Structure formats: C-alpha cells, structure tokens
Amino acid sequence: MNNELKIPNHVAIIVDGNGRWAKEKGMTRSEGHLAGFENLRDLSDYIFSKGTKILSLYVFSTENFKRSKEEVSFLMNLFVSKFKAEIKHFNEKNVKVVFSGRHENLPAAVIKAEEELSDATKNNTGGVVNFCLNYGGRAEIVDATKKIIKDNIDSDEITEELFSKYLYQDLGDVDLLIRTSGEERLSNFLPWQLSYAEFYFPDTYFPDFKEKDFDKALEVYSSRDRRFGGIKNK
Ligand code: FPP
C-alpha cells in the first residue's frame, strides 16, 4: 500500500444506520437520529481538520417523506432546533453552510432555519458543509435543466461546466463517497457530482463511525489509483 496519505477535497457521506444502531441498543429510532447528529457534529470537525474543504451530507432524501409521520416530524424538528443551535459552532469553525434540495413539502420552519443558518455563515472561508435535505439527484438535474431553459441559453452554449453552475450548489466533483451501515447503493445521491468519486462502504452504523473510521477511509482512498479514464502514470 502507498504510504502517502491523500486528502480528498470534497467528501460526501450518506448518513445511514441510525435506526438499526438504536434498535440493537433497545432505543427508539429518534434516539438513533439524535446520536447520528451528535456524531455528525464531531466527525465533521475532524474531517475539516484533516484538510478536506467540502463536506456534502445526505441527511434527508425526497423519498424519506415516506417514513412514518412521527419520524418525519421528529427529524424536521431536529433540523430546526439544531440549525439554530449550531450557528455559533459553524462560525467558530469558520465553516459556511449551504443547502441542496427542494423547498417543496418542507415545513416553513425548516426553510426559515436553513435560510438563517446559510445567511449567518455565508462569509466563512474555512470549509463548506452542504446539507442535502429533501434532496434527490434526478430532481436536481431536472431543476437545473428547467433553469437553463428559463434563462434562454442557446443549446450550443450548454457544456458540462455551464450545467454544473445550474446545480443547487456549484461545489465541484466529489472525491470520496462514504455510505455507512453496509449498504452499497447511491440512492439518488449526487449522481452528477459522483461521476469520478471513489466509493467506500464500511459496515459501521453511522453513530459509531468515528475519527478512527474516517482515518481508515482515508487510507483506503489513498491506496486507490485514480486515473479519471486516462492511463496510469508510471
Ligand atoms: C439514515 O439512517 C438517517 C437519516 C434518514 C437521517 C439522518 C439525519 C441525521 C443524522 C440528523 C442530522 C441532523 C442535522 C441537524 C443535520 P436510517 O434511519 O436510514 O437508519 P436505518 O437504515 O438503520 O433505519
């Protein structure tokens, strides 16, 4: 294995396994999500401390609205309370927060909390957290296409670079994708941005995915030979 540690500029995480983590401990799914949030807070600080600049987090997919009313409502309230409570933390860490996803179907209080958090952190320069909330990857591509048409862009002008600017956020390609809990699916997460990403699928449930587990992910990432479709440099 190559000993040199490579640091991915853009890391994306599909937060998965909160419910199973709680069930194994005889706890409620809500307690699992709370544990997931606590872990996310510490883990994101650690990931930025390693030199990563952008962190995209799948915290609620458009499909997650199919869960029980109680669970959806718990998560929505958690978003509102934590987005408010974490403004200070993100500012101390100099992290800018942005959101990807549709407003449609979201409670007004969640939209307001998103806007307050992104506005309060918009001048931070130390890193970017991109919360993907009420997010769907195909919907993002459809929404980008609609905006391009609305802007009357000539079809000859449409390039990959231009298209990227019409996505919810223009944050560039993801370098490393992590999905916890042993599932090995993308579930409609960042299909455009993940085209050249390395994938890492640890068995660990998200609330147990700690600093040492991210170190392991970095080791695996560093050992991969990223050729972007070209020929290996010897
Ligand atoms: C997936 O685990 C997790 C979610 C759908 C919610 C993720 C949300 C958080 C960690 C809270 C984030 C909070 C803030 C404020 C950003 P699962 O429920 O699918 O687990 P399971 O597959 O084991 O049931």
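Structure's up top.
### So, the site of the ligand
Contacts to the ligand come from 18 residues, most closely from Val15, Gly19, Arg20, Arg29 and Arg67. At a separation of 2.7 Å, an oxygen atom of the ligand approaches a polar backbone atom of Arg20. In the environment of the ligand, an oxygen atom lies 2.8 Å from a nitrogen or oxygen atom belonging to the side chain of Arg67. Contact with the protein chains covers 93% of the free accessible surface of the ligand, which is 620 Å². Structurally, the ligand is housed in the largest pocket. Those elements that place two or more of their residues in the shell around the ligand are helix H1 (18-24), helix H2 (29-49) and helix H3 (69-85).

### Observations regarding the layout of surface pockets
By volume, the largest pocket amounts to about 740 Å³. The biggest single contributor to the lining of the largest pocket is H2, with seven residues. Residues belonging to the lining of the largest pocket are distributed by class as follows: 15 nonpolar, 10 polar and 10 charged.

### Description of the packing of aromatic side chains
Within a pair of aromatic rings, the relevant descriptors are the distance that separates the centres and the angle that separates the planes. With the rule as written, the count across this model stands at 15 aromatic pairs. Centroid distance Phe90 to Phe131: 6.4 Å. Interplanar angle 80°. Geometry classified as edge-to-face. Of this pair, Phe90 sits in helix H4 (residues 87-92) while Phe131 sits in strand E4 (residues 127-135), placing them 41 residues apart in sequence. Each member of the pair, Phe90 together with Phe131, is buried. Geometrically, the ring pair formed by Phe163 and Trp192 is stacked, given 4.7 Å between the ring centres and 25° between the ring planes. Here Trp192 lies in the loop between strand E5 (176-179) and strand E6 (198-200) and Phe163 lies in helix H7 (residues 160-165), a separation of 29 residues in the sequence. Judged by relative accessible area, Trp192 falls into the partly exposed class, the value being 25%.

### A short note on the sheet that holds E4
Pairing is parallel in the open sheet, where six strands are placed in the order E3-E4-E2-E1-E5-E6. The sheet is open, and its two borders are formed by strand E3 (95-100) and E6, each paired with just one other strand. Neighbouring strand axes in the sheet, compared pairwise and without regard to direction, differ in orientation by 20° on average. Here H2 sits on the sheet in contact with strand E1 (10-14), strand E2 (54-61), E3 and E4, set at roughly 155° to E2.

Definitions and limits used
- Residues numbered from 1 in each chain as written.
- Predicted model: local features only at pLDDT ≥ 70, side-chain atom pairs only at ≥ 80, totals over all residues.
- Heavy atoms only, no water.
- Near = heavy atom within 4 Å.
- Polar contact = N/O pair within 3.5 Å; in protein donor to acceptor, adjacent residues only side chain to side chain.
- Areas by Shrake-Rupley, 256 points an atom, 1.4 Å probe, with all protein chains shown as cover.
- 1 Å grid on protein atoms, 1.4 Å probe; cavity = no way out; pocket = protein on both sides within 12 Å on 5 of 7 lines; lining within 4 Å.
- Sits in = over half its atoms within 2 Å of the grid points.
- Helix = DSSP H or I, 4+ residues; strand = E, 2+ residues; numbered from the N terminus.
- Points joined across faces, edges and corners; volume = space filled by probe spheres on them.
- Nonpolar A, V, L, I, M, F, W, Y, C, P; charged D, E, K, R; others polar.
- Phe/Tyr/Trp six-rings, centres within 6.5 Å; stacked < 30°, edge-to-face > 60°.
- Buried < 20%, exposed > 50% of the residue type's maximum accessible area, 1.4 Å probe, protein only.
- Pairing = 2+ DSSP bridges.
- Axes fitted to C-alpha atoms, helices over the stretch in contact; angles between N-to-C directions.
- Contact = heavy atoms within 4.5 Å.

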